[in-house]
Every structure is written in C-alpha cells, then in structure tokens.
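# Architecture at a glance
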Amino acid sequence: MRGDKTAQEIAAKHKVHPTQVTTWKGQAIDGLAEVFSDKVRRAEDNEAEVKERHAKIGKLAVENDAPQG
C-alpha cells in the first residue's frame, strides 16, 4: 500500500499470485474507509448520548433542589 514494492514482489515473497495481492490491496483500502466512517458515526452517537445525559442531570438537579413539602 505504501508503494515501495510491486505486487509482483509481494506475491513472490508470500508465494501467491500477483492478482491476489492486488485484490487484497483493494479490499484493504475499502475496509479502511469503512473504519474511519465508523469512527465518525460513533463519535456523533457519543456526542448525542452526552447531550442527553447532561439534560437528564440538569433535570434531576432541578428536581433535587425543589423544596420538599
């Protein structure tokens, strides 16, 4: 993936066909895009959860501060 070796060199080292190396490289690149998009989605989900919990904490704090009667 770095481009310092050809598919033929990698294939010879691992005793596989160069086409297989090219296929694996494509799969790896596709997989990396998915990994990073998942990180963004999880961060957005976490942000929403934090906001929801802050709202709940605020509500409970107001209820706790209300006069007991």
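Report follows, based on the coordinates.

Cut-offs applied
Residues numbered from 1 in each chain as written. Predicted model: local features only at pLDDT ≥ 70, side-chain atom pairs only at ≥ 80, totals over all residues. Heavy atoms only, no water. Patch = residues over 30% accessible without salt bridge, like charges linked within 9 Å, V, L, I, M, F, W, Y side chains within 5 Å. Areas by Shrake-Rupley, 256 points an atom, 1.4 Å probe, with all protein chains shown as cover. Salt bridge = Lys/Arg side-chain N within 4 Å of Asp/Glu carboxyl O. Helix = DSSP H or I, 4+ residues; strand = E, 2+ residues; numbered from the N terminus. 1 Å grid on protein atoms, 1.4 Å probe; cavity = no way out; pocket = protein on both sides within 12 Å on 5 of 7 lines; lining within 4 Å. Points joined across faces, edges and corners; volume = space filled by probe spheres on them. Nonpolar A, V, L, I, M, F, W, Y, C, P; charged D, E, K, R; others polar. Axes fitted to C-alpha atoms, helices over the stretch in contact; angles between N-to-C directions. Parallel < 35°, antiparallel > 145°, perpendicular 65-115°, else oblique. Contact = heavy atoms within 4.5 Å.

## Topic: a nonpolar patch on the surface
A surface patch of nonpolar side chains, about 480 Å² in accessible area, is lined by Met-1, Ile-29, Leu-32, Val-35 and Phe-36. Along the chain, Val-35 falls in helix H2 (residues 18-65).

## Section: the layout of surface pockets
A volume near 290 Å³ is recorded for the largest pocket. Lining the largest pocket are 13 residues; nearest its centre among them are Met-1, Lys-5, Ile-10, Val-21 and Lys-25. Tallying contributions element by element places H2 first for the lining of the largest pocket, with four residues. Its residues assigned to classes, the lining of the largest pocket shows five nonpolar, four polar and four charged.

## What about unusual backbone geometry?
In this structure, Lys-15 is a non-glycine residue whose phi angle is positive, near 60°. In this fold, Lys-15 is placed in the loop between helix H1 (7-14) and H2.

## Observations regarding the packing of H1 against H2
Close contact between H1 and H2 brings their axes to 8 Å; oriented N to C, the two are set at 110°. One element, H1, and the other, H2, form an angle in the roughly perpendicular class. Where H1 approaches H2, its residues Ala-7, Gln-8, Ile-10 and Ala-11 are matched on the opposing element by Pro-18, Val-21 and Thr-22. In the contact of H1 with H2, the residues fall into five nonpolar, two polar and no charged.

## As for the pattern of salt bridges
One pass over the full model with this rule turns up two salt bridges. A salt bridge links Glu-47 to Lys-51; the shortest N-O distance between them is 3.7 Å. Highlighted residues: Glu-47 and Lys-51, both in helix H2, separated by four residues, approximately one helical turn. The salt bridge partner of Glu-49 is Arg-53, with a shortest N-O separation of 2.6 Å. Of this pair, Glu-49 and Arg-53 both sit in helix H2, four residues apart, roughly one helical turn.

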